[in-house]
Amino acid sequence: MIKHDDAARQTAKFLLQIKAVKLNPDSPFTWASGRKSPIYCDNRLTLSYPEIRTFIRQQYVDIITEQFGEIDVIAGVATGGIAQGALVAQELGKPFVYVRSEAKSHGLTNQIEGEIHEGQSVVVIEDLVSTGKSSLVAVDALRAKGCIVKGMV
């Protein structure tokens, strides 16, 4: 298992290597939170590189195993946490669900997609946090279903 500082340093190197970090001080990016920033990190780009996505997946797995022990379900926050969350769930041999920011207005009107049950312990996967709003919305939705949210990575 790699130390967290080393993992963070390697992740940063990978993000720079694939040019996932964008800088534009003259025309700031608008984040999902509505905040403006001269920096944007396109984490979804990591999925196109097998070595990098595997490295990131393994860091999630190691943190979950070390920090949270046995869990029942992995939940990804839509949309950025879906792909890595599914990879993590596969590696851990656990069920996967994902949580939208709000219930759909059509079809089954689900906010949580996938099978989840009251009393199950869950770790939430998020790819990037600015204000934490989407993360907290996901946690609230899972708790409303009676789940025990052990944490977020």
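Now for a look at the structure at hand.

1. Some points on the layout of surface pockets
At step 1: One number sums up the size of the largest pocket: a volume of about 660 Å³.
At step 2: Residue assignment for the lining of the largest pocket shows that the elements contributing at least two residues are β4 (39-41) and α4 (133-144).
At step 3: At four residues, α4 tops the list of elements feeding residues into the lining of the largest pocket.
At step 4: Counted by class, the lining of the largest pocket contains eleven nonpolar, eleven polar and six charged residues.

2. Observations regarding the packing of aromatic side chains
At step 1: For the coordinates displayed, the defined rule picks out two aromatic pairs.
At step 2: Pairing F14 with F55 gives two aromatic rings, centres 5.4 Å apart and planes at 70°, and the pair type is edge-to-face. Separated by 41 residues along the polypeptide, F14 in helix α1 (residues 4-17) and F55 in helix α2 (residues 50-68) bring together distant segments of the chain. For the pair F14 and F55, a shared accessibility class is recorded, and that class is buried.
At step 3: With centroids separated by 5.6 Å and ring planes inclined at 40°, the aromatic side chains of F29 and Y40 adopt a geometry described as tilted. Here the residue F29 occupies a position in strand β2 (residues 29-30), and Y40 occupies one in strand β4, the gap between them amounting to eleven residues.

3. Concerning helix α3 (residues 80-92)
At step 1: In this model α3 runs 19 Å from its N-terminal to its C-terminal C-alpha over 13 residues, within 8% of the 18 Å that 1.5 Å per residue would give.
At step 2: Among the residues of α3, G80, G81, Q84, G85, V88 and A89 are the ones counted as buried. Looking straight down α3, one finds that the buried residues subtend no more than 145° of arc, so they occupy a single side.
At step 3: Looking one or two places after α3, you find G93, whose phi comes out positive at around 70°.

4. Notes on the sheet that holds strand β7 (residues 112-113)
At step 1: Within the open sheet, the five strands sit side by side as β7-β6-β5-β8-β9. Their pairing is mixed. Edge positions in the sheet fall to β7 and β9 (148-152), since each has one partner strand and no second.
At step 2: Where strand β5 (residues 73-77) meets strand β6 (residues 96-99), four bridges bridge the pair, whose relative direction is parallel. Pairing of I74 across the sheet is with F96, part of β6.
At step 3: Against the sheet, α3 contacts β5, β6 and β8 (121-125), and its axis sits at roughly 165° relative to β5.

5. Concerning the pattern of salt bridges
At step 1: In total, this model carries four salt bridges according to the counting rule given.
At step 2: Of the charged contacts, one joins E70 and K94 as a salt bridge, the two residues approaching to 2.4 Å between their closest N and O atoms. You can see E70 sitting in the loop between α2 and β5 and its partner K94 sitting in the loop between α3 and β6, a full 24 residues away along the chain.
At step 3: Under the relative-accessibility criterion, K94 is labelled partly exposed at 23%.
At step 4: E113 serves as the salt-bridge partner of R100, at 2.6 Å between the closest nitrogen and oxygen. Note that R100 is positioned in the loop between β6 and β7 and E113 in strand β7, a separation of 13 residues in sequence.
At step 5: Using a relative accessible area of 17% as the deciding quantity, one classes E113 as buried.

What counts, and at which threshold
- Numbers given for residues are sequential positions, taken from 1 along each chain in its written order.
- The predicted origin of the model limits local features to residues at a pLDDT of at least 70 and limits the giving and counting of side-chain atom pairs to 80 or more, whereas totals for whole chains, interfaces and linings rest on all residues.
- To obtain the side-chain values, all non-hydrogen atoms of the structure were included, while hydrogens and water were left out.
- Residues are called lining when one of their atoms sits within 4 Å of a cavity or pocket point, these points coming from a 1 Å grid over the protein atoms alone, where a cavity is a set in which a 1.4 Å probe fits but cannot get out and a pocket is an open set with protein on both sides within 12 Å along at least five of seven lines.
- Grid points are joined across faces, edges and corners, and a volume is the space filled by probe spheres set on the points.
- Strands are runs of DSSP state E lasting at least 2 residues, helices are runs of H or I lasting at least 4, and numbering of each runs from the N terminus.
- Gly is placed with the polar residues, together with every amino acid not listed as nonpolar (Ala, Val, Leu, Ile, Met, Phe, Trp, Tyr, Cys and Pro) or charged (Asp, Glu, Lys and Arg).
- Centres within 6.5 Å make a pair out of two Phe, Tyr or Trp rings, where for Trp the six-membered ring is used; the pair is then stacked when the planes are under 30 degrees apart, edge-to-face when over 60, and tilted otherwise.
- Only protein chains enter the accessibility calculation, which uses a 1.4 Å probe; a residue is then buried when its area is under 20% of its type maximum, exposed when over 50%, and partly exposed in between.
- Working rule for helices: expected span equals 1.5 Å times residues minus one.
- The arc in question is formed by the directions pointing from the helix axis toward the C-beta atoms.
- DSSP bridges decide pairing: two strands pair if at least two such bridges lie between them.
- We call two residues in contact whenever any of their non-hydrogen atoms come within 4.5 Å of each other.
- Orientation is described by axes fitted as lines to C-alpha atoms, over the contacting stretch for helices, and by angles from 0 to 180 degrees between their N-to-C directions.
- Counted as salt bridges are all cases of a side-chain nitrogen of Lys or Arg within 4 Å of a carboxyl oxygen of Asp or Glu.

In short, the description is geometric, and any link to function would need to be established separately.
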